[in-house]
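A closer look at the structure
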Amino acid sequence: MIFEWQIEELRKDILIPDYCFTGGGELKSLNAWFGPAGTVTPLHQDPHHNILAQVVGRKYVRLYCATLSEELYPYSESMLKNSSQVDLDSMDVNKFPKVHDLEFMDCILEEGISMDNFDPTQVL
């Protein structure tokens with residue numbers, strides 16, 4: 001809805017790659033997230049397939065395998081069930097002991113890079 005009601009001018013600058021339609025069906029949603037430097041997004045699992053593109057600046061991303069979602073202590077409430085209770089910046093290993101040993105991949109998305117074309121060898 002952001003493009004229809006708030007910043008219609010930006011919509012024409014966003015091109016949806018053809019491969020988004022290869023599975024048939026229609027595009028479920030088109031979202032854009034904006035934030036100043038230092039913005040932190042809580043650990044979460046998105047409900048739809050996504051392309052994460054960093055337009056300006058850089059973004060640190062930590063990736064866990066989707067099969068580990070239960071070990072990441074998701075909230076039980078329906079509104080937050082795709083979000084983890086774990087604060088990665090201040091992890092309480094006594095409260096969330098499983099998280100400490102889970103494998104993950106760190107990466108930094110640089111300006112102009114998206115999760116569909118990033119180099120996974122460039123990890124922290």
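Criteria and cut-off values
Residues numbered from 1 in each chain as written. Predicted model: local features only at pLDDT ≥ 70, side-chain atom pairs only at ≥ 80, totals over all residues. Heavy atoms only, no water. Helix = DSSP H or I, 4+ residues; strand = E, 2+ residues; numbered from the N terminus. Contact = heavy atoms within 4.5 Å. Salt bridge = Lys/Arg side-chain N within 4 Å of Asp/Glu carboxyl O.

1. Comments concerning unusual backbone geometry
Although it is not a glycine, Tyr73 sits at a positive phi angle of roughly 55°. Note that Tyr73 resides in the loop between β2 (59–63) and β3 (105–109).

2. A few points about the environment of Leu27
Considering the arrangement of structural elements, one finds Leu27 in the loop between α2 (8–11) and β1 (53–54). Separated by eleven residues in the primary sequence, Leu27 and Ile16 have C-alpha atoms spaced 9.3 Å apart. Once residues within four sequence positions are removed from consideration, Leu27 is found in contact with Ile16 and Phe21.

3. Description of the pattern of salt bridges
Applying the stated criterion across every chain yields a total of two salt bridges. Between Arg58 and Glu110 there is a salt bridge, with its nearest N and O atoms 3.3 Å apart. Of this pair, Arg58 sits in the loop between β1 and β2 while Glu110 sits in the loop between β3 and β4 (113–114), and the two are 52 residues apart along the sequence. In this structure, Arg62 engages Asp106 in a salt bridge whose closest nitrogen and oxygen atoms are separated by 3.3 Å. Within this pair, whereas Arg62 is found in strand β2, its partner Asp106 is found in strand β3, the two being separated by 44 residues in sequence.

Function-wise, these values are silent; they only describe arrangement.
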